[in-house]
Amino acid sequence: MTENTYILAVDPGNEKTGIAIVSPSGEMIYRKIISSNTFNEDIERVLTEYYGIVHIVCGNGTNHKHLYPSLQQIGRNHKITTSLIDESHSTEEARKLYWQYNPPTGWRKIIPTSMQFPPEPVDDLTALVIGLRYTKQLAQNEAAIKEETMSSSELEEKRLHAMEQLYGKGDNHDE
């Protein structure tokens, strides 16, 4: 993925669905809560407005069995890959994010945010959490590939060293 590619993350719900667009590095580009009734139209609109979406990741929680097949079809239509991701405890993470983006004011400042519920839905932030989980998986996969590549280059280095030990280095035996 390049710096101009994006991931659309979806937190599917029965009545409302959170969506977020993130870069592969985890930067939030866009977030919104859409109606599950107009899901397909809204997703299509987002895909046309935000050129560069190369993957759609969907949480595997509430209503994903209904909405994910639609996402897969939309993905196929746009030549965009799709996947499911574990979204357990993502709403709790989204609530924490809410307070980071919207620090409490007034009397709410004296009550720990862990004891407060955000005064508005956080489905869009839950989608962001899903997107961040996916980008974290991408980074871990890339790191594993690099580690594997380094391991094979180290193996080649050891092989060359063993050959040098066995046959000598730079000795000219043609005389």
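Residues numbered from 1 in each chain as written. Predicted model: local features only at pLDDT ≥ 70, side-chain atom pairs only at ≥ 80, totals over all residues. Heavy atoms only, no water.

In the nomenclature of an unreviewed UniProt entry, the protein chain is known as YqgF/RNase H-like domain-containing protein of Veillonella hominis.

(A) Structural view of the overall build of the protein chain. Each helix and strand counted, the protein chain has four helices and five strands in total. Reading the secondary structure of the protein chain in the N-to-C direction produces β-β-β-α-β-α-β-α-α. The globule rule puts the C-alpha radius of gyration for 175 residues at 16 Å, and the 24 Å found for the protein chain is more than 25% above it. Principal-axis analysis of the C-alpha atoms gives the protein chain an extent of 90 × 45 × 25 Å. Within the protein chain, buried positions represent 37% of all 175 residues. Once local pairs closer than 6 in sequence are excluded, the contacts in the protein chain between residues at least 24 apart make up 64%. When the accessible surface of the protein chain is totalled, it reaches about 11400 Å², and 51% of it is carbon and sulfur. The centroid of the 17 positive side-chain charges in the protein chain is displaced by 9 Å from the centroid of its 25 negative side-chain charges. (Helix = DSSP H or I, 4+ residues; strand = E, 2+ residues; numbered from the N terminus. Rg over C-alpha atoms; globule rule 2.2 N^0.38 Å. Buried < 20%, exposed > 50% of the residue type's maximum accessible area, 1.4 Å probe, protein only. Contact = heavy atoms within 4.5 Å. Areas by Shrake-Rupley, 256 points an atom, 1.4 Å probe, with all protein chains shown as cover. Lys, Arg positive; Asp, Glu negative; His and termini not counted. Charge placed at Lys NZ, Arg CZ, Asp CG, Glu CD.)

(B) Structural detail: a nonpolar patch on the surface. A surface patch of nonpolar side chains, amounting to about 350 Å² of accessible area, comprises Met163, Leu166 and Tyr167. What makes Leu166 exposed here is its relative accessible area of 61%. (Patch = residues over 30% accessible without salt bridge, like charges linked within 9 Å, V, L, I, M, F, W, Y side chains within 5 Å. Salt bridge = Lys/Arg side-chain N within 4 Å of Asp/Glu carboxyl O.)

(C) Geometry of the packing of helix H1 (residues 39-49) against helix H2 (residues 64-78). The N-to-C vectors of H1 and H2 enclose an angle of 35°; their axes lie 11 Å apart at closest approach. Relative to H2, H1 is oriented so that their crossing is right-handed. Of the residues in H2, those touching H1 at Phe39, Asn40, Ile43, Glu44 and Leu47 are Leu67, Ser70, Leu71, Ile74 and His78. (Axes fitted to C-alpha atoms, helices over the stretch in contact; angles between N-to-C directions. Left-handed = near helix turned anticlockwise from the far one by under 90°.)

(D) Geometry of the environment of Ala144. Relative to the helices and strands, Ala144 is located in helix H4 (residues 123-167). Along the backbone, Ala144 and Val10 are 134 residues apart, and their C-alpha atoms lie at a distance of 26 Å.

(E) Expanded view of unusual backbone geometry. Positive phi, close to 55°, is recorded for Lys79, a residue that is not glycine. Assignment of secondary structure puts Lys79 in the loop between H2 and strand E5 (81-85). One non-glycine residue, His89, adopts positive backbone phi at about 65°. Structurally, His89 can be placed in the loop between E5 and helix H3 (90-101).

(F) Seen up close, the packing of aromatic side chains. The tally for this structure, following the rule as stated, stands at two aromatic pairs. Between Tyr30 and Tyr50, the aromatic rings sit 4.9 Å apart at their centres with planes inclined by 40°, giving tilted as the arrangement. In this pair, Tyr30 sits in strand E3 (residues 28-35) while Tyr50 sits in the loop between H1 and strand E4 (53-59), placing the two residues 20 residues apart along the sequence. The class for Tyr50 is partly exposed, based on a relative accessible area of 23%. The interplanar angle of 85° and the centroid separation of 5.0 Å between the aromatic rings of Tyr98 and Trp99 together place this pair among those described as edge-to-face. According to the relative accessible area criterion, Tyr98 is buried, its value standing at 6%. For Trp99, a relative accessible area of 9% translates into the label buried. (Phe/Tyr/Trp six-rings, centres within 6.5 Å; stacked < 30°, edge-to-face > 60°.)

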